[in-house]
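Read off the chains here:
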Amino acid sequence: MPFGNTHNQLKMNYSAEQEYPDLTKHNNHMAKVLTPEMYANLRDKQTPSGFTLDDVIQTGVDNPGHPFIMTVGCVAGDEETYDVFKDLLDPVIEDRHGGYKPSDKHKTDLNPDNLKGGDDLDPNYVLSSRVRTGRSIRGFCLPPHCSRGERRGIESLSVEALGALGGDLKGKYYALKDMTDDEQQQLIDDHFLFDKPVSPLLLASGMARDWPDARGIWHNNNKTFLVWVNEEDHLRVISMQKGGNMKEVFNRFCTGLTKIEELFKAKGHEFMWNEHLGYVLTCPSNLGTGLRGGVHVKLPNVSKHEKFGEILKRLRLQKRGTGGVDTAAVGGVFDISNADRLGFSEVELVQMVVDGVKLLVEMEKRLEAGQSIDGLMPEQK
Amino acid sequence: MAGRFARVLSGNRRVGILSLIGAGSLTVGFFLNREQNVNAGANVRRIYPASAEYPDLRKHNNCMASHLTPALYSKLCDKATPNGYTLDEAIQTGVDNPGHPFIKTVGMVAGDEESYEVFADLYNPVIKERHNGYDPCTMKHPTDLDASKIKGGLFDENYVLSSRVRTGRSIRGLSLPPACTRAERREVERVVIDALGGLKEDLAGKYYSLSQMTEQEQQQLIDDHFLFDKPVSPLLTCAGMARDWPDARGIWHNNEKTFLVWVNEEDHTRVISMEKGGNMKRVFERFCRGLQEVERLIQEKGWEFMWNEHLGYILTCPSNLGTGLRAGVHVSLPHLSKDPRFSKILDNLRLQKRGTGGVDTAAVGSTFDISNLDRLGQSEVQLVQTVIDGVNYLVECEKKLEKGQDIKIPDPISQFK
């Protein structure tokens with residue numbers, strides 16, 4: 001059952017003005033969009049499973065944000081959230097995803113043959129390659145709202161589907177609450193283990209309830225394909241390997257995802273998807289492809305160039321430290337990935353990463369040799 | 001005050017009460033509709049049997065986990081209070097926080113006054129365990145805020161550095177911090193600061209809203225050790241008490257800085273009387289006077305505190321039921337604290353030691369926070385007298401040990417008087 005807020009009828013005893021949150025010190029997408037009028041119009045609504053406006057926005061109310069980092073400030077509790085609260089979520093999506101309109105259609109393309117190149121990124125610079133996305137199982141509530149029964153249902157369906165994978169995808173599931181100390185240590189050493197979220201952005205939305213019940217990690221024996229169950233989304237799917245062969249990583253990613261989807265369909269389940277929003281996930285920032293494809297790459301010279309930020313922007317790429325989001329780069333090694341999620345297909349996004357990283361490595365080599373990179377400046381994609 | 005159970009319905013709350021009744025029916029209506037929709041095959045919430053929803057409590061060590069059997073969960077899981085508060089919400093903090101092998105937490109909270117009734121089959125055994133055998137079904141809790149009954153209460157200030165009494169109060173008719181809406185929380189703030197504004201003379205003071213205080217005000221409150229901050233303990237955050245922080249939270253204190261009220265932290269109000277030195281009698285006298293005055297002021301406006309004859313004052317955490325009272329001192333006991341009989345002496349005196357940073361802190365040097373163990377089943381006067389008598393005994397022990405004399409472990413005092 002829901003988290004704290006969903007006895008909505010009680011709130012109807014008070015006026016919208018009395019219930020409207022104080023967003024005066026807030027800087028997130030939700031706060032920019034949610035006017036008192038909008039709050040008044042939406043506050044008596046709920047999705048069929050009982051998710052309400054206040055449930056959607058709680059994380060954004062509790063986390064005012066940062067002057068420089070614009071967080072989303074809302075989450076979905078189920079697939080219908082994006083419809084019932086579209087008056088709020090459409091403008092949030094438009095703002096977050098570069099002007100994506102309510103009438104726009106999102107293209108899904110998981111055919112790895114459509115990716116050109118990507119198998120020749122210089123391993124002297126590109127240390128590792130990775131593609132991740134998320135998937136939600138239609139008919140189940142999302143992590144902010146799901147009950148224990150639902151979450152366990154999701155786990156059990158996922159474990160069954162993953163258990164049927166074969167060949168180089170054959171692997172094993174480790175439930176968080178049952179793993180042995182040795183298994184836990186191995187998963188930590190492999191950098192696979194995820195822990196209870198500590199970010200207040202996630203905690204305030206209720207995603208960490210009942211931890212570690214029905215959470216777990218599945219990975220193939222080769223340790224190149226990994227699935228997180230019931231962390232921030234129903235499923236997070238990750239394909240990764242050392243070196244610069246992004247093509248192989250993306251191949252495995254697409255093959256694995258497609259197989260998993262077939263296995264779910266064979267049991268009468270499908271992923272949440274529609275032609276406007278693509279794959280539906282908990283956070284509006286992950287809609288569309290939910291895809292972050294990236295590399296760990298050595299760019300000690302380029303990263304110090306005054307135009308580094310501009311180059312990344314034009315290439316539609318984003319930099320992070322090698323610890324992931326919110327970390328700083330160590331020793332000139334950056335995590336470079338696509339900035340977009342929605343409005344471009346999977347192939348298009350990974351193509352941008354492949355082409356963009358190739359260019360960045362070229363620039364790095366030139367700067368190393370004391371040459372200029374002015375002639376290499378890209379156009380805005 | 002004592003003995004009154006019926007709710008006072010005043011003009012400005014009638015709408016609220018009627019709507020609460022309406023909300024109950026609407027809640028029932030929603031559940032009925034939901035089941036119909038499921039039968040009709042529409043894409044609504046999956047309903048699982050209680051056995052599929054029962055939390056995994058095998059690694060848990062808290063009072064809720066000790067008493068919530070699958071059968072009890074099944075019996076209670078579809079119920080809700082008239083405000084819509086459910087069992088899953090009440091136990092969420094205990095599910096999320098398995099506890100510690102040595103420290104047994106309560107593991108559940110109340111979202112409103114009715115929680116203690118609707119989920120009595122779980123709260124009652126939890127209360128009984130936490131409050132050392134107090135049975136809400138059969139026993140009555142005495143409330144006594146007549147400070148004139150206190151004997152003694154002036155400690156030796158060579159040993160007792162400061163004296164303090166705290167409790168909490170909830171405003172009847174408004175949901176508690178785990179469940180309250182923003183409007184309800186703002187209403188609690190409004191009602192309380194309206195009443196506090198009516199306090200006079202040595203109790204006259206000022207309210208500092210957390211969201212509006214200036215930097216100087218904030219620094220002063222920190223220096224005075226008055227400022228409370230957003231809870232970080234997962235025991236509290238998992239219960240939903242920190243939602244919408246810092247909206248409608250604040251600190252009120254009198255000009256003399258001896259009477260302090262926290263608004264909308266873990267409870268609607270936490271009321272604290274304190275001063276440096278050993279005059280516990282005066283601290284308690286001010287405590288009672290302030291509380292009674294605040295109660296009178298809210299009653300003038302048609303409000304009252306949550307209270308009943310079995311559970312006393314109703315607060316968010318079952319551990320604070322009854323008096324909700326913790327009376328204590330910071331006392332220096334360098335010899336006694338090293339004596340192996342120290343713990344036993346405290347036990348028999350029904351006292352508890354903490355570090356001077358409060359619960360979960362360690363003592364610094366040999367200064368301890370010594371306070372009453374019990375909350376429910378004895379009155380405020382009885383508990384404060386217990387602290388006074390007990391601390392006097394501890395100081396006597398300390399003096400004897402200083403002189404090289406021997407001390408005795410006192411007979412255990414009886415628990416429910």
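Parameters at a glance
Sequence order sets the numbering: in each chain, residues are counted from 1 along the sequence as written. Both sets of labels track the order of writing: A upward for chains, 1 upward for ligands. The predicted nature of this model means local features are confined to residues of pLDDT at least 70 and side-chain atom pairs, given and counted, to a pLDDT of 80 or more, with totals for whole chains, interfaces and linings taken over all residues. Where side-chain values are given, they derive from all heavy atoms of the structure, hydrogens and water being excluded. UniProt positions are given in the numbering used here, feature names are shortened, and annotations may be inferred rather than shown by experiment. Starting at the N terminus, helices and strands are each numbered in turn, a helix being any DSSP run of H or I of at least four residues and a strand any DSSP run of E of at least two. Radius of gyration here uses only the C-alpha atoms, and the compact-globule reference equals 2.2 Å multiplied by the residue count raised to the power 0.38. Here the term buried applies to any residue with accessible area under 20% of the maximum for its type, exposed to any over 50%, and partly exposed to those in between, with areas from a 1.4 Å probe on protein chains only. Here, two residues are considered to be in contact whenever any of their heavy atoms come within 4.5 Å of each other. Only the protein chains shown count as cover for residues, and the accessible areas themselves come from Shrake-Rupley with a 1.4 Å probe. Positive charges come from Lys and Arg, negative ones from Asp and Glu, while His and the chain ends are left out of the count. Lys charges are placed at NZ, Arg charges at CZ, Asp charges at CG and Glu charges at CD. By convention in these notes, a salt bridge is any Lys or Arg side-chain nitrogen within 4 Å of a carboxyl oxygen on Asp or Glu. Pairing of N or O atoms within 3.5 Å defines a polar contact, subject to two protein rules: one partner must be a possible hydrogen donor and the other a possible acceptor, and residues neighboring in sequence count only if both atoms are side-chain atoms. Each nonpolar core is a collection of buried residues, namely Ala, Val, Leu, Ile, Met, Phe, Trp, Tyr and Cys, held together in the definition by side-chain atoms within 4.5 Å. The span one expects for a helix is its residue count, reduced by one, times 1.5 Å. One bridge is not enough; two strands pair if DSSP finds at least two bridges between them. Note that the domain bounds were set by an automatic or database domain assignment. Summed over both partners, the accessible area lost on bringing two parts together, with a 1.4 Å probe, is the buried area. Axis lines are fitted to C-alpha atoms, over the contacting stretch for helices. Their N-to-C directions set the angle, which ranges from 0 to 180 degrees.

An unreviewed UniProt entry lists chain B under the name Creatine kinase U-type, mitochondrial, with Danionella cerebrum as the source organism. UniProt, in its Subunit (unreviewed entry) section for chain B, records the words "Exists as an octamer composed of four MTCK homodimers."

Chain A has the name creatine kinase in an unreviewed UniProt entry, where Danionella cerebrum is given as its organism. Under Sequence similarities (unreviewed entry), UniProt gives the following word-for-word description of chain A: "Belongs to the ATP:guanido phosphotransferase family." In UniProt, chain A has this text filed under Catalytic activity (unreviewed entry): "creatine + ATP = N-phosphocreatine + ADP + H(+)".

Peer 1: Go over the overall build of chain A with me, naming the residues and quoting the values.
Peer 2: If you tally the helices and strands in chain A, you get 13 helices and 10 strands. Taking 21 Å as the expected radius of gyration for a compact globule of 381 residues, we find that chain A reaches 21 Å, a close match to that expectation. Summarising its shape, the C-alpha atoms of chain A cover approximately 70 × 45 × 40 Å along the three principal directions. Counting every position in chain A, which comprises 381 residues, the buried fraction comes to 59%. Sequence separation of 24 or more characterises 74% of the internal contacts of chain A that already satisfy a separation of 6 or more. Here chain A displays about 15100 Å² of accessible surface, and carbon together with sulfur accounts for 50% of that area. Charged side chains of chain A number 46 positive and 56 negative; the gap between the two group centres comes to 2 Å.

Peer 1: Give me the interface of chain A and chain B: which residues, what numbers.
Peer 2: Frequently, the measure chosen for interface size is the accessible area removed from exposure when the parts meet. Contacts between the two partners involve 48 residues from chain A and, on the opposite side, 48 residues from chain B. Across the contact surface, chain A and chain B share 3 salt bridges. Salt-bridge contacts for D56 of chain B lead to K177 of chain A; the nearest nitrogen and oxygen are separated by 2.8 Å. Linking chain A with chain B are 21 residue pairs in polar contact (both at pLDDT 80 or more), by the criterion used here. Within the residue set of the side of chain A that touches chain B, elements represented by two or more residues are α1 (8–11), α2 (16–19), α5 (53–62) and α8 (148–163) of chain A.

Peer 1: Quick rundown of the nonpolar core? Include the residues and the values.
Peer 2: Residue and element names in this part refer to chain B. Membership of the largest hydrophobic core comes to 61 residues, with the highest contact counts inside it found for I171, M280, F284, L336, I370 and L394. Of all elements in the fold, only β1 (160–169), α8 (182–196), β4 (259–263), α11 (280–300), β8 (326–332), α12 (342–348), β10 (367–372) and α13 (380–402) reach the threshold of two or more residues within this core. For this core, the element with the most residues is α13, which contributes 10 residues. Those residues in contact with I171 that sit more than four places away from it in its chain are V188, V191, V192, H268, I298, W303, E304, F305 and M306.

Peer 1: Please provide a residue-by-residue account of α11 of chain B, values included.
Peer 2: All names here are of chain B. The end-to-end C-alpha separation of α11 is 30 Å, in line with the 30 Å expected for 21 residues at 1.5 Å each. All of the buried residues along α11 are M280, V283, F284, R286, F287, C288, G290, L291, V294, E295, L297 and I298. A positive phi of about 90° marks G302, the residue just after α11.

Peer 1: Got a sec to walk through the UniProt feature "domain: Phosphagen kinase N-terminal" (unreviewed entry) in chain A? Specific residues and values, please.
Peer 2: As recorded in UniProt, the sites labelled "domain: Phosphagen kinase N-terminal" (unreviewed entry) are residues 11–98 of chain A. Counting secondary structure, residues 11–98 of chain A comes out at 48% helix and 0% strand; the distance between its end C-alpha atoms is 35 Å.

Peer 1: Tell me about the environment of H60 of chain B, and please be specific about residues and values.
Peer 2: Residues and elements named next belong to chain B. Relative to the elements of secondary structure, H60 occurs in the loop between α2 (50–53) and α3 (63–67). Expressed as a C-alpha distance, the spacing of H60 and P101, which sit 41 residues apart in the sequence, is 8.8 Å. Setting aside anything within four residues of it in sequence, one finds H60 in contact with A65, G94, V95 and P98. At 2.8 Å, the side chain of H60 and the backbone oxygen of V95 are in polar contact.

Peer 1: Go over the pairing of β1 of chain B with me, naming the residues and quoting the values.
Peer 2: Residues and elements named next belong to chain B. Here β1 lies mainly inside the structure; 8 of its 10 residues are buried. Alignment of β1 against strand β5 (residues 269–276), held across 8 bridges, turns out to be antiparallel. Directly across from S162, in β5, lies its bridge partner K276.

Peer 1: I'd love a proper account of the pattern of salt bridges, names of residues and values included.
Peer 2: Residues and elements named next belong to chain B. Using the criterion set out here, one finds 52 salt bridges over all chains in the structure. One salt bridge connects D247 with R186, and the closest N-O pair in it is separated by 2.7 Å. On the criterion of sequence distance, the pair formed by D247 in the loop between α10 (234–237) and β3 (250–254) and R186 in helix α8 is long-range, its members being 61 residues apart.

Peer 1: Give a detailed account of the domain arrangement of chain A, specifying residues and quantitative values.
Peer 2: All names here are of chain A. The domains assigned to chain A are domain 1 (5–97) and domain 2 (112–376). Spacing between the C-alpha centres of domain 1 and domain 2 amounts to 27 Å. By the criterion of area lost to domain 2, the three top residues of domain 1 are E79, Y82 and H97, representing 36% of everything that side buries. Put simply, domain 1 and domain 2 have 1 salt bridge between them.

Peer 1: Can you explain the sheet that holds strand β1 (residues 126–135) of chain A? Please cite residues and give values.
Peer 2: Each strand in a sheet pairs with another by means of backbone hydrogen bonds, the pair being arranged parallel or else antiparallel. Residue and element names in this part refer to chain A. One open sheet accounts for 8 strands, arranged β2-β3-β4-β5-β1-β8-β10-β9; its pairing is antiparallel. Each end of this open sheet is capped by a strand with a single partner; those strands are β2 (171–175) and β9 (317–320). Shown here is a sheet whose adjacent strand axes are inclined to one another by a mean of 20°, direction ignored. Bridge analysis of strand β4 (residues 225–229) against strand β5 (residues 235–242) gives 5 bridges, and the strand direction is antiparallel. Counterpart to V229 in the pairing with β5 is L235.

Peer 1: Which residues make up the sheet that holds strand β2 (residues 205–209) of chain B, and what are the values?
Peer 2: All names here are of chain B. Spatially, 8 strands are ordered β2-β3-β4-β5-β1-β8-β10-β9 in an open sheet, and the strand pairing comes out antiparallel. Looking at strand neighbours, the two that pair on one side only are β2 and β9 (351–354), the edges of this open sheet. Strand-to-strand, the axes of this sheet are offset by a mean angle of 20°, without reference to chain direction.

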